[in-house]
Protein chains: 4
Amino acid sequence: MSQLWSKGLPLDAAIHRFTVGDDPVTDRALLAHDCVGSAAHARTLHAAGLLGGEDLAALLVTLKHLHAEARAGRLSISREQEDAHTALEQALTARVGAAGKRIHLGRSRNDQVMVALRLWMRGAVVEVARNLVVLAAALEARAQRHADHALPGYTHLRRAMPSTYGQWLAGHAAGLIEELEAAQGVLARLDRSPAGAAAGFGVPLPLDRALTARLLGFSAVQVSPVDVINSRGRHEVALTGWLASIAGVLEKLHWDLALYSTEEFGFVRLPDAFTTGSSIMPQKRNPDVVELARARCRELRGYARLTEELASGLPSNYHRDLQLLKSPVVTAVTKALELIDVTRRVVEALEFDLERARAAVTPELFATAAAYARAEAGEPFRDAYQAVAAELAAGTFEPPALARAAALGAPGRLGLAELERSISREAHEWAELEAELEAVERTVFVTGDR
Amino acid sequence: MSQLWSKGLPLDAAIHRFTVGDDPVTDRALLAHDCVGSAAHARTLHAAGLLGGEDLAALLVTLKHLHAEARAGRLSISREQEDAHTALEQALTARVGAAGKRIHLGRSRNDQVMVALRLWMRGAVVEVARNLVVLAAALEARAQRHADHALPGYTHLRRAMPSTYGQWLAGHAAGLIEELEAAQGVLARLDRSPAGAAAGFGVPLPLDRALTARLLGFSAVQVSPVDVINSRGRHEVALTGWLASIAGVLEKLHWDLALYSTEEFGFVRLPDAFTTGSSIMPQKRNPDVVELARARCRELRGYARLTEELASGLPSNYHRDLQLLKSPVVTAVTKALELIDVTRRVVEALEFDLERARAAVTPELFATAAAYARAEAGEPFRDAYQAVAAELAAGTFEPPALARAAALGAPGRLGLAELERSISREAHEWAELEAELEAVERTVFVTGDR
Amino acid sequence: MSQLWSKGLPLDAAIHRFTVGDDPVTDRALLAHDCVGSAAHARTLHAAGLLGGEDLAALLVTLKHLHAEARAGRLSISREQEDAHTALEQALTARVGAAGKRIHLGRSRNDQVMVALRLWMRGAVVEVARNLVVLAAALEARAQRHADHALPGYTHLRRAMPSTYGQWLAGHAAGLIEELEAAQGVLARLDRSPAGAAAGFGVPLPLDRALTARLLGFSAVQVSPVDVINSRGRHEVALTGWLASIAGVLEKLHWDLALYSTEEFGFVRLPDAFTTGSSIMPQKRNPDVVELARARCRELRGYARLTEELASGLPSNYHRDLQLLKSPVVTAVTKALELIDVTRRVVEALEFDLERARAAVTPELFATAAAYARAEAGEPFRDAYQAVAAELAAGTFEPPALARAAALGAPGRLGLAELERSISREAHEWAELEAELEAVERTVFVTGDR
Amino acid sequence: MSQLWSKGLPLDAAIHRFTVGDDPVTDRALLAHDCVGSAAHARTLHAAGLLGGEDLAALLVTLKHLHAEARAGRLSISREQEDAHTALEQALTARVGAAGKRIHLGRSRNDQVMVALRLWMRGAVVEVARNLVVLAAALEARAQRHADHALPGYTHLRRAMPSTYGQWLAGHAAGLIEELEAAQGVLARLDRSPAGAAAGFGVPLPLDRALTARLLGFSAVQVSPVDVINSRGRHEVALTGWLASIAGVLEKLHWDLALYSTEEFGFVRLPDAFTTGSSIMPQKRNPDVVELARARCRELRGYARLTEELASGLPSNYHRDLQLLKSPVVTAVTKALELIDVTRRVVEALEFDLERARAAVTPELFATAAAYARAEAGEPFRDAYQAVAAELAAGTFEPPALARAAALGAPGRLGLAELERSISREAHEWAELEAELEAVERTVFVTGDR
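In this text, all values refer to a predicted model and were calculated from it rather than measured experimentally.

Visitor: Before we go on, may I ask you to explain helix 12 (residues 288-311) of chain A in this structure?
Guide: Given 3.6 residues per turn, any residue in an α-helix points the same way as the ones three and four places further on. Taking 1.5 Å of rise per residue, the 24 residues of helix 12 of chain A would be expected to cover 34 Å, and the 34 Å separating its terminal C-alpha atoms lies within 8% of that figure. A:Gly313 sits one or two positions beyond helix 12 of chain A and adopts a positive phi of about 85 degrees.

Okay, here's the thing in structure tokens:
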């Protein structure tokens, strides 16, 4: 009799295989978090007088052990056990006897899933953010070095205005900083404890949900049990939507690289160790890594949509449909982390053809500057614009001497110091958050105050 | 010669119609904001010594006037003018002469669009949030009144646990509070001034972008001009994604209503003034409003996807593709506002069949409570669970006396006071934000300190 | 008492406005088709002895009249009438008295909508296909003329193999031919008569549904009334999915044009009448039409997703949710027709820089041909590949004399004659289908055999 | 030196891992098809005099062997080999020496992928269709048995008209028949041979592409090599779009089952072997299989969107981005097959509560029939409708004697014989297609005429 819900009735084998699905694999990501959640739950039961001190001690020791095994990837889930939660309860019962049978008091698999998933998602946001900081720093470092190296600025894929390598790279770093700030919004959704929702209607026992929340490092309790269950999916959509937004920033970078590394543009070159060849054309060196990274950005958008599809269309409360949400979210986070890492490697390895870029900043790109010079001298801008257009048409246009002053963000005044400060601030904040999460995993298995 | 970019060459008529598209209609939403942005730009030009005091005064007076006309819906855009920005510059030039030709110095249509859109989106977030607060309050008020009226709690669409009308309604209100908090994250993305990005590479003039930002009520400058243009679409996706998340909360409410108002469930009734009939079946009263509200939720998800589709797949910098983003965002906000308003009306009008709901809370829904009672008396929960299952199978099950204590969120301790405080806090914050936005529109046309 | 379903109860005004939605506008596209469907229904009632000969005659004359008015855009729908079907029944009753009250026997608004929509969608497929044929012919004509003009063939956006303008243009025409063939699959779904489904459970009257189907030009009856209603949405998804697939073909063409018309590639040029300028940069000529056409392709994909979103997530049978499906489908077809027309204009106007393209077909693009020449002489290909790679590395590579023979589809043997035959065949088939649809509209109002 | 494209340069390890991705796993689905495609290619080379008879014989024997191993799952792909195509060429070279190095003449990995994928997709369509036929037959068999057992017909989730179990089940079967017919459209896209496209610009060798097509069982050659590569993704979208459309049919069935099996509706019951329990509520039996099948339908829609996302947004010709398309398509087909199988098991196992359903067909469901009876007696329908409405309001309504005649599809005349004929016809057609595909795999390795 292996499942938590089993009362001894037979179950059709094909149907059972279908209902279990990928859980025994996907849930391995949740096992360690289920240990953490179970430890906090046991301590809350104890505080309510519903679990003896010895039982608590036995459970905490064993959970700590199981947690270490799970972290090391040594705890597995059988198809009969179906999911992380049955596997855990059985492991506990096998190791500590009756105390293992006591731990499910005042909770259900539903809130066990919610707690484990939320801890996992909270950790995922922090891990993705930490890697984004590193990527932003890599972009900024290269921007610093090439702040004043000329590059044509394009609009409509047509040469438009004078720009620099630094301005281009800093633009991508700035986009990532926005995503790092937006991560706080995703985290705010996740920073409330679902523990105590049970099947979605709460627990008729005097459990102190605020204590559980505190033990798990949440800022607050998600009070409504109906909302706890209804937020399943909503949070997954917020998380994968954030990954898709990051992908939107990186997609532009990789598209730029695909374009700038063509024979025709030629501003950027990938080292040989980053390119691959053709099975038929001996002369080719292809930027596969950039193309696959660009496709990965679309893939993350696709996973966000798959997640949204799975999360939608249901009335309130728990439906088994929600189980399918786990796999795409775990996959999307894994894929995002790899994308960010590979992008950083590419950014660090890029080679620039500074000469070719400088040559492409042709005189007519200074037409706007010429109109501005006339306007500074008093001519209305619209008239200056028409005058320069006429010069261009007549072939008499001469680019003006360089501007002495520029607005913040323009070449010559890119504002890289501000950018660097933002990156440092983010680096600091996310490191602190990571430390807090680690502290939870260290202290939750140890009785004592927090 | 009507367009800002025109240099007198003929343009194929069919192509021109295609490139202009819906802009003359869609851009009407942006006209007032373009006046505000233009006033701030004029004052920044003046501060940099690039616009004389008299020109500034003339422009501000006229912009204030045009702003009032736009707000009143009396300013229109012709197909020849193409968009809000040409319409505005031409109106200015017509009314104040050469000063009108001076205002485009140091900006481009691209950052004019960015500024107007961002002001519009910022206002849209605040307006949607203000309405969400009202809806949450309506739900909470009804939850208060029916806090203890019994309702079956469902899982898997099967009767599961005792619940109450109040617990159900409060769950939806709690979901909206989460969305109100998440709105701050969307707002944070929008709360930086794009003004000064020009064509996406900044302005070679000593314009004080921080001044423009302050005049427009932004907390900061979005420094990188590359990032300003690259964030077009990213912000629209964040806004419509938020609307889709709100829709995810409301979809569950309307699905519940569709279900609970069937003959079979019968817990809820819509008054006649909220139902419609059939053209063929004389006996029917149909809950069309609830079905259309549910479909509207899917529609908002669809608009979010349309927006994401339009925003994706491009290299850095400006491409005309981005123009198509305006229409779905404006439409989605309008549709969301209507949905929220209609939902509030429905919530206020709902009639409950309290007797029928109470009767549906049948004894076996207390099976968990019975197992808990045994567990409180010392039996391990897993054993208690099996014992109660055996009683149910044998037909000997008796529901226990009601629990004396419950955890926060469970029936008997719903935590509605906390919910009410959250709603009040949100009401206060969003009212303040609205007041700040109104102050910008009042002061930007008036020279003087802010 | 204006609505078909009204029994005199008051309806909340805000709720009524919400439930009516866009129907009075969107349904104008359906009015003419509703006249056709109603004529066929009246004739079927008459054949079953349920409508007198004089009533039938009066109805047909009036319906023919209304049909002409609707086609001319002179029939409107008031907000009180809500939709095309009430508007039509009221117009009939006003003009022919009691006979108008008899026509709703044996049908419901649900199957009236189904019939009108299906007729509309059938016509839309034919109209889109007719325009696609014209575009494919325009591409093929230009491919013929430039069949042998050299153009580099790219893979990974890197120069790869020798190609020609003709091969490039013929590739896009071939994609459109596939879409024209696939249109038959969409049409097959639509080519069954829903008439007689009533509210989704059929009609307890001896109506001859095969007769109605024949009068409306359908090949068969969609027998199951449950399936008729359940197919609402499924067909809309098939239609907009087809438009999205067409957009997938055109997206590549417009991306190619955006790229090939850059200063850097320079193989293609848009005439001035097809470009626009910048409001700030006097020197710019921008390919806005190509960018907007590319964005329109993404927009059509977005509309397909919006449609799919609206069509999904519901149990069997009619739900009012389905009403929202009408607007995006009508919009998507309109947008697709405009895209196809604009694309044809662009294709016809393109100017090619044949010299520049020829120069870009550099010697190393013949590396594969060199390896082939060695292989034809007996060397295993993999060894020949390595040998040529070594020559390239050593700088000793010489392109071979041109190949004497090529496989079908390769430069020198593009197979344009086959392509032309396919286009002619499609042109013929779709013209025939259009004629058949026109015949239905001519004959359905005239009593007599078909 | 393991990769087909390798010329001996080192490749960054992390980058290589990223570019290889899931291919070594995903490509196992393609290995057997690559053997088939390679055999046809070898025979075409031989026919062109580019491969000797002994080499051909050696290759065919070995390919037949490898094909059997791949079918048995005994052929694997190492990370160094990257994909199916390198693995195959290396296995060939290892077993037959120089002949293995000759086989890549006149093709590239790109068209090898195209050929293998197309063969795989063609087979997938046939396999899915074969299973759909079985499911449709299961639905039809149950519909036959319960053709006249009363069930309320719902609109707006409100009881509306008299229906029967048979009408309900036949409706779902009819939806599947439409999908089986639509499968022909997907197959038509796939039924052209891409072989000979090489890198996307054809082969400068006199290869007979029509011969290759014939050997592979394709009806025609996909002539344009540009179109061959451009159709990558387009076909995947068509296939997964078709799976999503099937899912749209099944979603309604599973939603119906979720609803009809509630305590409140109670028309349908799942046997115990198809339900699971709760970890906290001893009394629960949950219809998890139906919920997961419903979610699986949304999941297939999600995979279609993921596929569309990956397929879109690129210029013409090959980009490495396309590699990511393989995994979601293979996954979606696997998931669809499982869904269809599980649905059939559920359909066969369903238990009906005929009494309860009959009791739910309450008198007012005959209100339309009553109005029809009046109309048959001469009263205009609209007046009859109002008269019955008045009787219902007054409580004087009496249901009429049952109708003697009904239109095709209505209860009493469901048209199940037509449905059965359709199923038989589909069963026959798809069995024939499957036989043809099997014949290709039998004959392609054997020299001789076909």
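Still more to cover.
Visitor: For this particular structure, what's the right way to read the packing of aromatic side chains?
Guide: Centre-to-centre distance and the angle between the planes together describe a pair of aromatic rings. Considering all chains together, one arrives at 48 aromatic pairs over all chains under this definition. Seen in terms of ring centroids, D:Tyr154 and D:Tyr260 are 6.2 Å apart; in terms of plane orientation they differ by 40 degrees. Their pairing is tilted. Linking D:Tyr154 in strand 1 (residues 150-155) with D:Tyr260 in helix 11 (residues 234-260), this pair joins segments that are 106 residues apart in sequence. For the pair shown, D:Tyr154 and D:Tyr260 are each scored as buried. Lying over the aromatic face of A:Trp255, A:Arg294 brings its terminal NZ or CZ to 4.3 Å of the ring centre. Here the basic side chain of C:Arg122 rests over the ring of C:Phe218, its NZ or CZ set 4.7 Å away from the ring centre.

Visitor: Would you explain the interface of chain A and chain C in this entry?
Guide: A common way to express how large an interface is: the accessible area buried when the components associate. Listed per partner, the contact involves 43 residues of chain A and 43 residues of chain C. Both sides of the chain A and chain C interface together cover about 3,700 Å² of buried area, and 55% of this is carbon and sulfur. For the chain A face of the interface with chain C, the top three residues by lost area are A:Arg158, A:Glu264 and A:Pro282, together amounting to 20%. There are two salt bridges connecting chain A and chain C. With a shortest N-O distance of 2.8 Å, C:Glu264 and A:Arg159 are connected by a salt bridge.

Visitor: Before we go on, may I ask you to explain the interface of chain A and chain B in this structure?
Guide: Between chain A and chain B, the residue contacts involve 98 residues of the former and 99 residues of the latter. Between chain A and chain B, the buried area comes to about 8,200 Å², and carbon and sulfur atoms account for 57% of it. Taken together, the connections running from chain A to chain B amount to 16 salt bridges. Across the pair B:Arg189 and A:Glu179 runs a salt bridge whose closest N-O atoms are separated by 2.9 Å. For the interface between chain A and chain B, the tally reads 53 residue pairs in polar contact (both at pLDDT 80 or more). With twelve residues, helix 11 (residues 234-260) of chain A is the largest single contributor of residues to the side of chain A that touches chain B. For the side of chain A that touches chain B, a count of residues per class yields 48 nonpolar, 26 polar and 24 charged.

Visitor: Could you clarify how one ought to interpret the pattern of salt bridges in this entry?
Guide: Close approach of charged atoms allows side chains of opposite charge to pair. Per the stated rule, a full pass over the model turns up 152 salt bridges over all chains. The residue D:Glu309 makes a salt bridge to A:Arg305 at a minimum N-O spacing of 2.2 Å. Taken together, the residues span two chains, with D:Glu309 in helix 12 (residues 288-311) and A:Arg305 in helix 12. With respect to burial, D:Glu309 and A:Arg305 carry one shared label: buried.

Visitor: Would you mind going over the pairing of strand 2 (residues 158-164) of chain D with me for this structure?
Guide: Looking along a regular strand, one sees side chains alternate from face to face of the sheet. Residue and element names in this part refer to chain D. Where burial is concerned, most of strand 2 is hidden: six out of the seven residues are buried. Pairing of strand 1 with strand 2 involves six bridges; the strand directions are antiparallel. What sits directly across from Tyr154, in strand 2, is Arg159. Between strand 1 and strand 2, which pair antiparallel one after the other, the connecting turn spans two residues, and His156 there sits at a positive phi close to 55 degrees.

Visitor: Hey, could you run me through the relation of the copies chain A and chain B in this one?
Guide: Both copies of the chain are placed relative to one another by a rotation about an axis and a shift along it. Aligned on chain B, chain A shows an RMSD of 0.0 Å; the corresponding rotation is 180 degrees and the shift along the axis is 0.0 Å. The superposition operator between the copies reduces to a two-fold rotation axis. Considering only C-alpha atoms, the part of chain A nearest the rotation axis is A:Gly185, at 2.4 Å. With an isologous cut-off of 70% or more, the 100% of interface residues of chain A that recur at the interface of chain B puts this contact in the isologous class.

Visitor: Would you mind showing me how to read the relation of the copies chain A and chain C here?
Guide: For the pair chain A and chain C, the best superposition has an RMSD of 0.1 Å and corresponds to a rotation of 180 degrees with a translation of 0.0 Å parallel to the axis. An overlap of 100% is found between the interface residues of chain A and their copies at the interface of chain C, pointing to a shared contact surface.

Visitor: Quick question: what am I supposed to make of the packing of helix 7 (residues 109-145) of chain D against helix 17 (residues 416-443) of chain D here?
Guide: Axes are the key here: two packed helices are described by the angle between their axes and the distance separating the axes. Residues and elements named next belong to chain D. At a minimum axis separation of 9 Å, helix 7 and helix 17 run at an interaxial angle of 155 degrees. Classified by the angle their axes make, helix 7 and helix 17 are roughly antiparallel. Helix 17 is crossed by helix 7, and the crossing has left-handed handedness. Taking contact as the criterion, the partners of Arg122, Gly123, Val125, Val126, Ala129, Arg130, Val133, Ala136, Ala137, Glu140, Ala143 and Gln144 in helix 7 are, on helix 17, Leu416, Leu419, Glu420, Ile423, Glu426, Ala427, Trp430, Ala431, Leu433, Glu434, Leu437 and Val440. A per-class count over the contact of helix 7 with helix 17 returns 16 nonpolar, two polar and six charged.

Visitor: Explain the environment of C:Ser424 to me, please; I cannot follow it from the model alone.
Guide: Within the fold, C:Ser424 resides in helix 17 (residues 416-443). Placed 19 residues apart in sequence, C:Ser424 and C:Thr443 show a C-alpha to C-alpha distance of 29 Å.

Visitor: How should the confidence of the model for chain A be read in this particular structure?
Guide: For chain A, per-residue confidence averages 93 on the pLDDT scale, and 96% of positions sit at 70 or higher. Listed scores for the predicted complex are pTM 0.96 and ipTM 0.95.

Visitor: Whenever I open this one, the side chain of A:Ser108 confuses me. Can you help?
Guide: All names here are of chain A. Residue position: Ser108 is located in the loop between helix 6 (98-102) and helix 7 (109-145). By relative accessible area, Ser108 is classed as buried at 1%. Of note is the side chain of Ser108, whose polar atom sits 3.1 Å from the backbone nitrogen of Asn110.

Visitor: Can you help me understand unusual backbone geometry in this one?
Guide: Leave glycine aside and you will find that most residues have negative phi; peptide bonds, for their part, are mostly trans. Positive phi outside glycine occurs at A:His156, with the angle close to 55 degrees. Considering the arrangement of structural elements, one finds A:His156 in the loop between strand 1 (150-155) and strand 2 (158-164). Even without being glycine, B:Glu82 reaches a positive phi, approximately 75 degrees. One can find B:Glu82 in the loop between helix 4 (53-71) and helix 5 (84-96).

Conventions adopted
Counting of residues starts from 1 at the beginning of each chain's written sequence and follows it residue by residue. Chains and ligands are labelled by the order in which they are written, letters from A for the one and numbers from 1 for the other. Per-residue local features of the predicted model are confined to residues with pLDDT of at least 70, and side-chain atom pairs are confined, for both listing and counting, to 80 or more; whole-chain, interface and lining totals are unaffected and use all residues. Excluded from the side-chain calculations are hydrogens and water; all other atoms, namely the structure's heavy atoms, are used. Numbering of helices and strands starts at the N terminus; helices are DSSP runs of H or I of at least 4 residues and strands are runs of E of at least 2. Helices are assigned an expected span. That span is 1.5 Å times one less than the residue count. Here a Phe, Tyr or Trp ring, Trp counted by its six-membered ring, pairs with any other such ring whose centre lies within 6.5 Å, and the pair is stacked when the planes are under 30 degrees apart, edge-to-face when over 60, and tilted otherwise. Three exposure classes are used, based on accessible area relative to the maximum for each residue type with a 1.4 Å probe and protein chains only: buried under 20%, partly exposed in between, and exposed over 50%. By definition here, charges over rings are those cases where NZ of Lys or CZ of Arg is within 6 Å of the ring centre and within 35 degrees of the ring normal. Contacts are assigned to residue pairs with any non-hydrogen atoms lying within 4.5 Å of each other. Here the buried area means the combined drop in accessible surface, using a 1.4 Å probe, for two parts upon being joined, counting both sides. Put simply, a salt bridge is a Lys or Arg side-chain nitrogen that is within 4 Å of an Asp or Glu carboxyl oxygen. Nitrogen and oxygen atoms within 3.5 Å of one another constitute a polar contact, given that in protein one can donate a hydrogen and the other can accept it, and given that sequence-neighbouring residues count only through two side-chain atoms. For this classification, Asp, Glu, Lys and Arg are treated as charged, while Ala, Val, Leu, Ile, Met, Phe, Trp, Tyr, Cys and Pro are nonpolar and the rest, including Gly, are polar. Strands are treated as partners if at least two bridges between them are detected by DSSP. Overlaid copies result from least-squares superposition on C-alpha atoms, with residues included only where pLDDT is at least 70 in both. The axes are straight lines fitted to the C-alpha atoms, using for helices just the contacting stretch, and the angles between their N-to-C directions are given from 0 to 180°. Any angle between 65 and 115 degrees counts as roughly perpendicular, while under 35 counts as roughly parallel, over 145 as roughly antiparallel, and the rest as oblique. Crossings are sorted by hand: turned counterclockwise from the far helix by less than a right angle, the near helix makes the crossing left-handed, and turned clockwise it makes it right-handed. You can read pLDDT as the predictor saying how much it trusts each residue, on a scale of 0 to 100.

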